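Descriptive structure summary
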Amino acid sequence: MLNRKLRHFIYAAKLQYSRLKLRLGIRTGIVKKVIIVPYKGFGNGDNVYLPGRVIKDRGIVAASPQDSRWQNFRKMYKRFMSWEIPGVMVKATYLGMSQTVTSDDEGYFVFRFTGNTVAAAETEGAWQKIALELMEKVVPGQPKAKAEAYVFVPDKNVQYGIISDIDDTIVPTGATRLWEMLKTTFLGNAHSRLPFPGVATFYQAMEKGDDDIKGNPLFYVSSSPWNLYDFLTEWLAVHEVPRGPLMLRDIGLTREYWITGSHLDHKLKQVENIFALIPEISFILIGDSGQHDPEIYLQVIKDFPGRVKMIYIRDVAPERKVAVDAIARQIRALGVELLLIQDTVDAARHAALKGWITQDDIDEVVSAKINDEKAT
């Protein structure tokens, strides 16, 4: 009880400080522009989910291969030292429907559209556009803030979905080694941080499936903070990893947590939210052995029986092999296979054997892996 009261007291003090800082920032001209940052959303023909945030524009531009470590650090510092804009109204317009919501204490907002939009979604393609605008002026004299958001609504060509972790699954980060992770995060950029060899080509193959038609949705679930959203979006584009909604988390003090809950709870909640909002398809789950991905995916299978086609776990923590093997046996007893892989080619060969990607895709993944290894 005392711990909860202390947390609530400190959180209230934090909010008061943030609001005072924002008022002073606007008055002194430090806050010159406010922007809407939409995150990619998703849904089905009847329900669509779109999150986002309203923050101060800190002028962060895309990285280049020539950026120095100091330039990378400055951009990352700006991302983490965000100025959130609470209590402002944001309007969204989607397929002729409009909603208005208010940003929360941390500047976040969520839109949930409901209604039969299947016909419109099918005629306009899988990625649907949502227009956003700020309904009030935060900074005097600033033009109305507007943004375009996108939500993925699977069409009839979808064969399966893919849900993937990011850290140590598609890009080495040393997530289990704090200093290495911090150094990689703050001193690198979207060009210098390279994916595991062959990953982009393998994910492209899964996006196409066995009919060579792009449309299988990819979702990226990570315990990284929302502050890194633009960086991770840029990273996916630079390395030609297929785009998809990124499900991140707010890290810091809240009314309920000192550091916004656990890695396991966050990822389980986000994965199951995807399953609930897109109930028509089954999923291939991809993660690594370094943290709790096997445990999370085991729980997903229990909660959504019959919805998981396969689990690929990248072996990055040999000391966890016994524990992962034990979980794999539990998963197998539930009718799903967990494959502990050493590299991307292992997963590609297995996926082709199952008929989820084509045999030609294996050659492309092998070639890409060789080229990626030469480039490092």
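Residue numbering note: each chain is counted from 1, following its sequence as written. The predicted origin of the model limits local features to residues at a pLDDT of at least 70 and limits the giving and counting of side-chain atom pairs to 80 or more, whereas totals for whole chains, interfaces and linings rest on all residues. Working from all heavy atoms in the structure, the side-chain values ignore hydrogens and water.

Quick look at the overall build of the protein chain
Numbering goes from the N terminus for both helices and strands, where a helix is a DSSP run of H or I of at least four residues and a strand is a run of E of at least two. Along the backbone of the protein chain there are eleven helices and 14 strands. Here the globule rule is a power law, 2.2 Å times the number of residues to the power 0.38, and the radius of gyration is based on C-alpha atoms. For the protein chain, the C-alpha radius of gyration of 21 Å lies close to 21 Å, the compact-globule estimate for 376 residues. For the protein chain, the C-alpha atoms occupy an extent of roughly 60 × 50 × 50 Å along the three principal directions. Of all 376 residues assigned to the protein chain, the portion counted as buried reaches 51%. The long-range fraction of contacts in the protein chain, counting pairs at least 24 apart against all pairs at least 6 apart in sequence, stands at 71%. Surface accessibility of the protein chain: about 17700 Å² in total, with carbon and sulfur atoms responsible for 55%. Only four residue types enter the charge count, namely Lys and Arg as positive and Asp and Glu as negative; His and the chain termini do not. Every charge is mapped onto a representative atom, which is NZ of Lys, CZ of Arg, CG of Asp or CD of Glu. Of the side chains in the protein chain, 48 bear a positive and 45 a negative charge, and the two mean positions are spaced by 9 Å. Here the term buried applies to any residue with accessible area under 20% of the maximum for its type, exposed to any over 50%, and partly exposed to those in between, with areas from a 1.4 Å probe on protein chains only. Contacts were defined at the residue level, with two residues in contact if any of their heavy atoms lie within 4.5 Å. Per-residue and other accessible areas follow the Shrake-Rupley method at a 1.4 Å probe size, with only the shown protein chains counted as cover for residues.

A few points about the environment of Gly209
As for its placement among the helices and strands, Gly209 is situated in the loop between helix H5 (199-208) and strand S10 (218-225). Measuring from C-alpha to C-alpha, the distance between Gly209 and Ile357 comes to 4.8 Å, with 148 residues separating the pair along the chain. Not counting the four nearest positions on each side in its chain, Gly209 is found in contact with Gln159, Tyr160, Asn216, Trp356, Ile357, Thr358 and Asp361.

Points about the sheet that holds strand S14 (residues 338-341)
The strand order across the open sheet built from six strands is S11-S10-S9-S12-S13-S14, with neighbouring strands paired in parallel fashion. Taken across any chain shown, the strands that pair with only one partner, and hence form the sheet edges, are strand S11 (246-249) and S14. Across this sheet, the average inter-strand angle for adjacent strands is 15 degrees, counted without regard to direction. Pairing between strands is defined by DSSP: at least two bridges between them are needed. Examined bridge by bridge, S10 and S11 share three bridges and lie parallel to one another. In the sheet register, Tyr220 faces S11, and the bridge partner there is Leu246. Strand contacts of helix H10 (residues 344-353): strand S13 (308-314) and S14, with the helix running at about 160 degrees to S13, the strand carrying the most contacts. Helix axes are fitted to C-alpha atoms over the stretch in contact, other axes to C-alpha atoms as well, and angles between N-to-C directions run from 0 to 180 degrees.

Keep in mind these values describe shape, not function.
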